[in-house]
Amino acid sequence: MTIELAPGDFLTLFTDGISEAMNTQGEIYGMERIRQQVAAPMDTVTDLGRHILDDVKQFVGDRSQSDDMCLACFGRERTTGAVRRSASTIVAKKKIGAT
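The rules behind the values
- Residues numbered from 1 in each chain as written.
- Predicted model: local features only at pLDDT ≥ 70, side-chain atom pairs only at ≥ 80, totals over all residues.
- Heavy atoms only, no water.
- Helix = DSSP H or I, 4+ residues; strand = E, 2+ residues; numbered from the N terminus.
- Expected span 1.5 Å × (residues − 1).
- Buried < 20%, exposed > 50% of the residue type's maximum accessible area, 1.4 Å probe, protein only.
- Arc of directions from axis to C-beta.
- Phe/Tyr/Trp six-rings, centres within 6.5 Å; stacked < 30°, edge-to-face > 60°.

### Observations regarding helix α3 (residues 45-60)
With 16 residues, α3 should cover 22 Å at 1.5 Å per step; its first-to-last C-alpha distance of 23 Å lies within 8% of that length. If you check which residues of α3 are buried, you get V45, L48, G49, I52, L53, D55, V56, F59 and V60. Along the long axis of α3, the arc covered by the buried residues comes to 155°, so they all point the same way. Those residues of α3 that are exposed and aimed more than 90 degrees away from the buried face are D54 and Q58. In the segment just after α3, G61 is the residue with positive phi, at about 60°.

If you want it as C-alpha cells, here you go:
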C-alpha cells in the first residue's frame, strides 16, 4: 500500500494504550477524541504529537497508566518551492509524556 502525502498532510499512528487510556471516572479516551485532536490545526508533526499527548495526559488526570503508549506522527511540511519531509516519534512509556 502506498499513501502519498501532500504538503501539509500528517499521518498519525498509535497503539491502543492511547485510545484506551482511562480517566479516574473509568471513561476511555476513545477514537472520537483522537479524531478531534488530529483535526486541530497544527504547524508541525511535533506540535501535533505533543498536542495529542498533552490531551491524553489531561484526560487521564491522576489515574495510573495501565498500558504502554506509542504515538508516531509523520508528515510533509508546508513549504513554498521544494517540499521537505519531516517526522516525529513520541513514545510514552511508564508515564504519559515521557520521551
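### Some details on the packing of aromatic side chains
If you walk through the whole model with that rule in mind, you get one aromatic pair. Measuring from ring centre to ring centre gives 5.3 Å for Y29 and F59, while their planes differ by 80°; the resulting arrangement is edge-to-face. Highlighted residues: Y29 in the loop between α1 (16-19) and α2 (30-39) and F59 in helix α3, separated in sequence by 30 residues. Accessibility classification places Y29 together with F59 in one group, the buried group.

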